[in-house]
Amino acid sequence: MTQPATPASPTPKRFRVQHLAEAKARGEKLTMLTAYDAMTARIFDDAGVDMLLVGDSIGDNMLAHDTTIPVTMDELVPAVRAVSRAVRRSLVIADLPFGSYEASPEQAHASAVRMLKEGGAHAVKFEGGRRVAPQVELLTGAGIPVFGHLGFTPQSENILGGKRVQGRGDEAAERLAEDALALQEAGAVAVVLEMIPAPVAARVTEVLRIPTIGIGAGVECDGQVLVWLDMAGMGDWSPRFARRFAEIGTALRTAASDYVDAVRGQEYPGPEHSYES
């Protein structure tokens with residue numbers, strides 16, 4: 001008797017921009033990870049991660065640069081395209097790399113259009129507060145959702161004096177809050193807060209209508225983001241704010257070493273891995 005076909009698993013409901021505000025209103029924490037290729041994007045999508053950020057962190061995590069600054073649009077667009085094609089549920093956000101948006105709202109618009117048209121992204125992210133509010137306003141008016149990014153902004157590492165916590169002291173905290181409000185008023189749908197004191201992040205989260213996504217900014221943010229290699233323990237070192245939820249790097253190194261030993265010892269391939277004539 002023919003067995004009935006197994007029904008295909010239903011396509012999960014797409015996480016969209018409007019779900020950001022809904023989650024904040026419910027007090028439901030949002031989740032975001034970086035992704036740079038289709039395989040990891042598919043795994044994270046299946047795991048239920050709300051948002052995948054194709055970050056310019058590809059530079060110092062995947063392309064062997066010391067910082068994010070050398071990353072170009074031409075390097076990021078293929079990664080965005082791969083991630084966008086792989087997911088069924090997650091919202092895909094593309095970073096605009098250094099030099100692709102600062103000069104004018106028109107430059108930012110042209111770069112964002114590439115990310116949506118060529119990369120298939122659902123939203124873009126770029127760094128800065130009041131100084132980039134005109135860029136945010138033009139993009140959102142054109143139908144392009146924008147995530148802001150405040151606190152430690154890696155593209156400004158040279159002027160900030162390295163990877164340093166931002167927003168310490170009353171004056172700095174007030175400036176950060178004003179920048180966050182300026183982004184909100186310009187139309188940003190969320191703001192990433194990186195490496196700022198937890199009480200400052202909590203205050204910004206309280207005054208904003210839009211969600212905050214923290215990275216090294218404490219538990220009171222509306223959501224959290226990590227570079228996936230830090231989250232999965234791929235390297236020998238992780239920043240203080242990153243919890244290593246696994247040690248995938250160690251497991252991968254062991255697998256590669258076992259493979260080398262098996263090939264050299266003629267244990268692989270075995271008969272079960274070979275074809276008969």
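This one's a predicted model, so the numbers in the text were calculated from it and none came from an experiment. (Residues numbered from 1 in each chain as written. Predicted model: local features only at pLDDT ≥ 70, side-chain atom pairs only at ≥ 80, totals over all residues. Heavy atoms only, no water.)

### So, the overall build of the protein
Moving on, step 1. Helix and strand counts for the protein stand at 11 helices and eight strands.
Moving on, step 2. C-alpha atoms of the protein, sized along the principal axes, occupy 75 × 50 × 35 Å.
Moving on, step 3. The proportion of buried residues among the 277 residues of the protein is 48%.
Moving on, step 4. A total accessible area of about 14,600 Å² is found for the protein, and carbon and sulfur atoms account for 54% of it.
Moving on, step 5. Averaging the locations of the 27 positively and 36 negatively charged side chains of the protein gives two centres separated by 4 Å. (Helix = DSSP H or I, 4+ residues; strand = E, 2+ residues; numbered from the N terminus. Buried < 20%, exposed > 50% of the residue type's maximum accessible area, 1.4 Å probe, protein only. Areas by Shrake-Rupley, 256 points an atom, 1.4 Å probe, with all protein chains shown as cover. Lys, Arg positive; Asp, Glu negative; His and termini not counted. Charge placed at Lys NZ, Arg CZ, Asp CG, Glu CD.)

### Examining helix H6 (residues 133-141)
Moving on, step 1. For H6, the set of buried residues is Ala-133, Gln-135, Val-136 and Leu-139. The arc enclosing the buried residues of H6, seen along the axis, measures out at 155°, which places them on a common side. Among the exposed residues of H6, those oriented more than 90 degrees off its buried face are Glu-137 and Gly-141.
Moving on, step 2. Looking at the residues trailing H6, positive phi occurs at Gly-143, about 90°. (Arc of directions from axis to C-beta.)

### Regarding the side chain of Asp-45
Moving on, step 1. When you line up the elements, Asp-45 lands in helix H2 (residues 38-46).
Moving on, step 2. Arg-88 is the oppositely charged side chain nearest to the buried, salt-bridge-free Asp-45, at an N-O distance of 4.8 Å.
Moving on, step 3. Only 3.0 Å separates the side chain of Asp-45 from the backbone nitrogen of Arg-89, close enough to count as a polar contact.
Moving on, step 4. Beyond its immediate chain neighbours, meaning those up to four positions away, Asp-45 contacts Val-87, Arg-88, Arg-89 and Ser-90. (Salt bridge = Lys/Arg side-chain N within 4 Å of Asp/Glu carboxyl O. Polar contact = N/O pair within 3.5 Å; in protein donor to acceptor, adjacent residues only side chain to side chain. Contact = heavy atoms within 4.5 Å.)

### A look at the UniProt feature "binding site: Mg(2+)" (unreviewed entry) in the protein
Moving on, step 1. If you check UniProt for "binding site: Mg(2+)" (unreviewed entry), the listed places come out as Asp-56, Asp-95 and Glu-127 in our numbering. Spanning 72 residues, the named residues nonetheless gather at one spot, since no C-alpha pair among them exceeds 11.1 Å. Those annotated residues lining the largest pocket are, specifically, Asp-56 and Asp-95.
Moving on, step 2. Since its relative accessible area comes to 3%, Asp-95 is described here as buried.
Moving on, step 3. Those residues in contact with Asp-95 that sit more than four places away from it in its chain are Leu-53, Val-54, Gly-55, Asp-56, Leu-76, Met-115 and Lys-125.
Moving on, step 4. Here Glu-127 shows up in the loop between strand E4 (123-125) and H6.
Moving on, step 5. Glu-127 gets classed as buried once you look at its relative accessible area, which sits at 2%.
Moving on, step 6. In contact with Glu-127, not counting residues within four places along its chain, are Asp-56, Tyr-101, Val-132, His-149, Thr-153, Pro-154, Gln-155 and Ser-156. (UniProt positions renumbered as here; feature names shortened; annotations may be inferred. 1 Å grid on protein atoms, 1.4 Å probe; cavity = no way out; pocket = protein on both sides within 12 Å on 5 of 7 lines; lining within 4 Å.)

### A word on the domain arrangement of the protein
Moving on, step 1. Splitting the protein by domain gives domain 1 (17-246) and domain 2 (249-276).
Moving on, step 2. Relative to domain 2, the C-alpha centre of domain 1 lies at a distance of 39 Å. (Domains from an automatic or database assignment.)

### Quick look at the pattern of salt bridges
Moving on, step 1. Tallied over the entire structure, the rule returns 14 salt bridges.
Moving on, step 2. Here Arg-175 and Glu-171 are joined by a salt bridge, their closest N and O atoms 3.2 Å apart. Taken together, the positions of Arg-175 and Glu-171, both in helix H8 (residues 170-186) and four residues apart, correspond to about one turn of that helix.
Moving on, step 3. Residue Arg-203 is joined to Glu-206 by a salt bridge in which the shortest nitrogen-to-oxygen separation is 3.3 Å. Of this pair, Arg-203 and Glu-206 both sit in helix H9 (residues 198-207), separated by three residues, roughly a single helical turn.
Moving on, step 4. Connected through salt bridges with shared partners, the residues Asp-74, Arg-114 and Glu-118 form a single ionic network.

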